Amino acid sequence: MEYNQLPKGFFKKNPLNQLSSANIAYFSITAGFSGRLEKEMFDLVKKEVDTRRLDKIKLEREEIPHLESGEDFVRFMRGNYDISNRSLLCKRALTMQQIVIPPMLRRFRTSMQDMFIEAAVYILAHAEQVYVDQLKTLYPEIRNPYAQSMACLVFGIQKQEDTLPLLLTEYQRLQKEFPEESLCQGPLLAIYILYNKA
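Below or above, wherever it landed, is the structure these notes cover. As the structure is a prediction and not an experimental result, all values here were calculated from the model.

### So, the state of the cysteines
One pass over the structure, following the stated rule, counts zero disulfides. The cysteine C152 is free of any disulfide, with C184 supplying the nearest cysteine sulfur at 11 Å.

Take a look at the structure:
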């Protein structure tokens, strides 16, 4: 991308926060998609996890392959599922994009649940272009600032160069409206990704 589309000295004046929720999500969406890395991380912490949680994780892992409808997925994503099962859930959803993503996007517009938003973003970051286009179309209707921030991150990960004006506007707006939170880091990280600076 051409640098003249950004204000002069943009990256120097706008450093990334390495510990923001956007950066953690980005790591999860990219590096975390490796099944091997995920298994190794889980094996490291497994001995510290209580047996009730391990039982819950096992039950969910048995349930996920049997989710069939988009509404089944949305219901599961909105439930109190264990975060260690997110990758399995999202990978399964990606094999059924036509069924899962339309009802998920409808719920994404109004959701206030971080767990749902994060799973939806994980899916959208790997989804086919048609669903990224749908996310762009419904962006003005997204109510939750966290969901807006994370949607911007999807545009960066999916290399949607046409969203650069939106990303710049949203970075400035979220920075101004939520100065105490790191919500502006979603669009900022997306800009870094588009320019191969992340």
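### Topic: the pattern of salt bridges
Where charged atoms of side chains with opposite charge meet at close range, the side chains can pair. With the rule as written, the count across this model stands at 11 salt bridges. A salt bridge links E62 to K58; the shortest N-O distance between them is 3.0 Å. Note that E62 and K58 are positioned in helix α4 (residues 51-63) at a spacing of four residues, about one turn of the helix. E62 sits in the partly exposed class, given a relative accessible area of 41%.

### Some details on the environment of E63
Following the sequence through the fold, E63 ends up in helix α4. Residue class for E63 comes out partly exposed when judged on its relative accessible area of 40%. In the structure, E63 is positioned 44 residues away from L19 in sequence and 33 Å away in space, judged by C-alpha atoms.

What counts and what doesn't
Residues numbered from 1 in each chain as written. Predicted model: local features only at pLDDT ≥ 70, side-chain atom pairs only at ≥ 80, totals over all residues. Heavy atoms only, no water. Disulfide = S-S within 2.5 Å. Salt bridge = Lys/Arg side-chain N within 4 Å of Asp/Glu carboxyl O. Helix = DSSP H or I, 4+ residues; strand = E, 2+ residues; numbered from the N terminus. Buried < 20%, exposed > 50% of the residue type's maximum accessible area, 1.4 Å probe, protein only.

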